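Listed below, chain by chain, are the residues.
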Amino acid sequence: MLAPHIKKKVDELWNRFWAAGLTNPLVAVEQITYLLFLKRLEDIDLKRQQRGFPSIYFGYETCKWSYLRQEKTNPSHLIDVVFPWLRELDKHFSSASAAGTELASLNNRMADAYFQLDPNKGKVLSDAIDAIDQLFARAGEGSAAQDIMGDTFEYLLSEVATAGKNGQFRTPRHLIRFMVELLDPEPGQRVIDPAAGTGGFLFSTQQYLMRKYSAHENLVLEWDGTPHRTDGAAATPEQYAAIHHGANFVGLDNDRTMARIGWMNLVLHDVTDPHLLQGDSLSKREGKEQLRRVLESESYDFVLANPPFTGTVDSGDLEPDSVLFPRVGGGGKKKDESITNKSELLFLWLMLDLLHVGGRCAVIIPEGVLFGNTDAHVRLRRELLAEHVVEGVISLPGGLFQPYTGVKTSILIFRKETRRDDKQSLPSSAAPRTEHVWFYEVEDDGYSLDAKRNARPGQRNDLWDALEKFKAWMAYGREGALRHEKTLLQPSFRAERWRLALLRDTADKLTPAGEAFSRLPDTSMWDGQVWGIHELFPELPANPKEAEIQVRNAASRSLYELVIRFFAAPTLPIWTQWNNAGTAAKPMNADLALADWQKAIKVPQQEFNRAARDVQRFFEPEDGSALPLWKEMVKDALNVGLAFHESAVKQAPTVQLRVHVPIADLTAALAVIAREVAKLDGFDVTLRSLAVDQYTELKTAKHWVVPVRAWARNDEWPSEDGKSIGSHDADGLVRTAYVEAMLAAGLYDDKGTLKDGLLDPDCIEARDWNLSAGQYKPFDFTQLKSDKSVAELIGELKTTEQQIIIGLDKLLAMVEERA
């Protein structure tokens, strides 16, 4: 979670570009990406020079970021000098000199870079350069800094709230993390996203690997699963290198701008030499050597994707490989054309082709893919189930992709089992490789399901439950699926207050001579990270409310005592004067005494307020938690303390005043208290436990397992030897002899149609390989609200059915008479 003041800076940057006329969010992000790359480029070149290579700026020194900071009010210099040089950047370095840097994967991706800011908007450019310097000050300084830089860029991308062409939109990051964890990759395994967009699946895979190999005592998870303090300490040097090696994280996107933005996103997430390229995954590969290499068949361990939902592909542009994309076949004119031009189906066939045998895929698909009845839909599902293993289907709620689309979607998880050259001729009577499919229905994902999609930290999130139950299904099969069948599994949640800090600055700011920092353990690797205030200051409790109560109580007492002491000096002479003047016969004049006292404290009161404002330098200037509290406490202390002195003056000698040691330095005295209150600065976060160990009873199960092929009962079937009668034995298990006999006779006729009565109508194969979760959701009779029994209700349904049939028969007779 980003600190609020960083989000505010990003918002301000957006607003500046918007006001300057760059109202297309994607264009604005692209311009920011260019500036960010120019900032990174100078550091990259410095490292190249240290290795003995000539500078890329030779003859173009005015293109350096350090120069641009001096000329930051001059957009014309960027337009006329810097960007023409940037478009030809690949000419200014050799491949050897680019090794190990972002330049290795540049691949002319800046060849069409143009700066689109109005030349007259110098102030906007100046503000943008300042903002980028502040927001990405530590880019390239290692994983601790990269986390913040990457999160900042991700927040920038989250502002792109308009759907792109062909159904492209930003996939929610918590859903991406869930899908990565479903597949559970290992370092060195290759993953590809053939519709990569901004690279969310790729950097989240790398992030998951860092989390998986981090020390658990350091690891922290936000409520939505966002990992923090991923150190990779448990990884070997080889594993650590593989986790950051760009060749293991491959992506393609047809939109050049999106591919460029995604590439920068990976750079900022500490992926070396990112392999996110511009290219159409479904198009012809002839003459496109780079595209052909990236899409080489059976080259990847995992595919993770959310491909375009509603796109269609021109048949003339489609890769002609008939093994990759099935053909219509037959003897007609279109026999050599692809069976479909729907992108969501073509992407699934592509993903199957990209995986090597044993490779796995998790992909978001529109619900129609699971139940569509076109030849292409049925053929794809049949191939997935018959020749490969569909591990699970996770039904997602309808509003999950708001505000982009209301399309109902599911996550399909499958494992490749058959090489592309070994495909069967379908349909086939051979047993499907998928025996059972696990289904799960997600109803809550931790966000509201309206167009606003507001976060609901700490509330129910079915994704945690689904993940644990999927793991049990994969590990123990149907037995595992029965575990916790009617139990909702959730992590526990807790609140903390974090602050983004350069630790030595924080220590110097809050305590004299960095005293607090000297008490901390060696935290150099976390310098520049977010810290809990209880970690920076061990005397504070972790819970923000408890910390606030503790600090408020102590500081309020100290402030009150300081007010009493400070204002005792101007109050005591007035109190003494009127104390001596008053007698029993002639009481003191309280109004006159009060007037004298108010005059006496006027200047000291101004001095106190000035000193209280002066120590506000210890607080976060923007959106901090502590400064409003400090102002409130100072106000309360003054009110209560001055009220005491006022009553003392008005009620002398009844209320006694004692002599206090004068305060030599009021500002210093206030600073001691302010430093304590300033420890509360930061922003509140909701964290989750690493373990998912909270159990809640469910009324109905959220997951179920369905057989792909199940045989219908045939109680009259006799075995060939006459020893057995009926297809199933006394335990309800189908007889092997019966299965062999039915397979020998064939499940399908010559037209490829399933023969009637052989399969259980509730199995997947009998329903045209339908994979829609709702088709198989068990009906829970206990949830039926009726004063009638289940048997009575079924009887009524039967009666109604008979009445409908009689009515249809009458209608048919009438139609035939007229004919």
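Definitions and limits used
- Residues numbered from 1 in each chain as written.
- Predicted model: local features only at pLDDT ≥ 70, side-chain atom pairs only at ≥ 80, totals over all residues.
- Heavy atoms only, no water.
- Helix = DSSP H or I, 4+ residues; strand = E, 2+ residues; numbered from the N terminus.
- Rg over C-alpha atoms; globule rule 2.2 N^0.38 Å.
- Buried < 20%, exposed > 50% of the residue type's maximum accessible area, 1.4 Å probe, protein only.
- Contact = heavy atoms within 4.5 Å.
- Areas by Shrake-Rupley, 256 points an atom, 1.4 Å probe, with all protein chains shown as cover.
- Lys, Arg positive; Asp, Glu negative; His and termini not counted.
- Charge placed at Lys NZ, Arg CZ, Asp CG, Glu CD.
- pLDDT = per-residue confidence, 0-100.
- Patch = residues over 30% accessible without salt bridge, like charges linked within 9 Å, V, L, I, M, F, W, Y side chains within 5 Å.
- Salt bridge = Lys/Arg side-chain N within 4 Å of Asp/Glu carboxyl O.
- Pairing = 2+ DSSP bridges.
- Axes fitted to C-alpha atoms, helices over the stretch in contact; angles between N-to-C directions.
- 1 Å grid on protein atoms, 1.4 Å probe; cavity = no way out; pocket = protein on both sides within 12 Å on 5 of 7 lines; lining within 4 Å.
- Points joined across faces, edges and corners; volume = space filled by probe spheres on them.
- Phe/Tyr/Trp six-rings, centres within 6.5 Å; stacked < 30°, edge-to-face > 60°.
- Lys NZ or Arg CZ within 6 Å of the ring centre and 35° of its normal.

Some details on the overall build of the chain
Item 1. Across its full length, the chain carries 26 helices and 16 strands.
Item 2. Taking 2.2 N^0.38 as the reference for a compact globule, 819 residues should give roughly 28 Å; the C-alpha atoms of the chain span a radius of gyration of 35 Å, well beyond that estimate.
Item 3. Counting only C-alpha atoms and orienting by the principal axes, one finds that the chain spans roughly 125 × 85 × 60 Å.
Item 4. Here the chain holds 819 residues, and the buried ones make up 50% of them.
Item 5. Summarising the internal contacts of the chain: among those between residues at least 6 apart in sequence, 75% fall at separations of at least 24.
Item 6. In the structure as shown, the chain presents an accessible area of about 38000 Å², 50% of it carried by carbon and sulfur atoms.
Item 7. Put simply, the chain has 96 plus and 117 minus side-chain charges, and the middle of one group is 4 Å from the middle of the other.

Observations regarding the environment of alanine 547
Item 1. In this fold, alanine 547 is placed in helix H20 (residues 544-581).
Item 2. On the basis of relative accessibility, which here comes to 0%, the residue alanine 547 falls in the buried class.
Item 3. Spatially, the C-alpha atom of alanine 547 lies 8.3 Å from that of histidine 534, the residues being 13 residues apart in sequence.
Item 4. If near-sequence neighbours (up to four positions away) are discounted, alanine 547 is found in contact with Ile533, Leu540, Pro541 and Leu680.

Some points on the confidence of the model for the chain
Item 1. Looking at the chain as a whole, its pLDDT mean stands at 86, while 91% of the residues score no less than 70.
Item 2. In this model, residues 162-167 is a region of pLDDT below 50 whose contacts with residues beyond four sequence positions or in other chains number nine contacts.

Section: a nonpolar patch on the surface
Item 1. Together, Ile804, Leu808, Leu811, Met814 and Val815 give the surface a local cluster of nonpolar side chains, amounting to about 480 Å² of exposed area.
Item 2. Within the secondary structure, valine 815 sits in helix H26 (residues 790-818).
Item 3. With relative accessibility at 49%, the residue valine 815 sits in the partly exposed group.

Things to note about the pairing of strand S10 (residues 436-441)
Item 1. Here four bridges tie strand S8 (residues 389-395) to S10, and the two strands are oriented parallel to one another. Paired with serine 395 across the strands is glutamate 441, a residue of S10.

Focus: the sheet that holds strand S1 (residues 191-193)
Item 1. Taken together, nine strands build an open sheet; the order of strands is S5-S4-S1-S6-S7-S9-S8-S10-S16 and the sheet is mixed. At either margin of the open sheet sits one strand with a lone partner, and together these are strand S5 (275-278) and strand S16 (703-707). Taking each pair of neighbouring strands and ignoring which way they run, the sheet shows an average axis angle of 15°.
Item 2. Judged from the five bridges that link them, S10 and S16 form a sheet pairing that is antiparallel. Directly across from tryptophan 438, in S16, lies its bridge partner valine 705.
Item 3. Packing against the sheet, helix H11 (residues 256-268) makes contact with strand S4 (249-253) and S5, and its axis sits at approximately 165° to S5.

Looking at the side chain of glutamate 387
Item 1. Mapped onto the secondary structure, glutamate 387 falls in helix H15 (residues 375-387).
Item 2. Look past the residues within four positions of glutamate 387 in its chain and what remains in contact with it is Arg382, Glu417, Thr418, Lys423, Gln424, Leu426 and Arg433.

Things to note about the layout of surface pockets
Item 1. Its boundaries defined by the atoms lining it, the largest pocket holds a volume of some 1000 Å³.
Item 2. Taken together, 31 residues line the largest pocket, and the ones lying closest to its centre are Ser158, Arg170, Arg173, Asp224 and Tyr447.
Item 3. Put simply, the parts of the chain that give the lining of the largest pocket at least two residues each are helix H7 (143-158), helix H8 (173-183) and helix H9 (200-212).
Item 4. By residue number, the principal contributor to the lining of the largest pocket is H7, which donates four residues.

Structural notes on the packing of aromatic side chains
Item 1. According to the stated counting rule, one finds 15 aromatic pairs in the structure shown.
Item 2. Summarising the aromatic geometry, the rings of tyrosine 34 and phenylalanine 83 are spaced 5.4 Å apart at their centres and angled 80° between planes, so their arrangement reads as edge-to-face. Remark: phenylalanine 83 occurs in helix H4 (residues 75-87) and tyrosine 34 occurs in helix H2 (residues 25-50); sequence separation between them is 49 residues.
Item 3. Residue classification places phenylalanine 83 among the buried positions, given a relative accessible area of 0%.
Item 4. Of the aromatic side chains, those joined through ring pairs into one cluster are Tyr34, Phe83 and Phe115.
Item 5. Against the face of tyrosine 114 rests arginine 87, its NZ or CZ located 3.9 Å from the ring centre.
Item 6. In this structure, arginine 483 packs its charged tip against the face of tyrosine 476, placed 4.0 Å from the ring centre.

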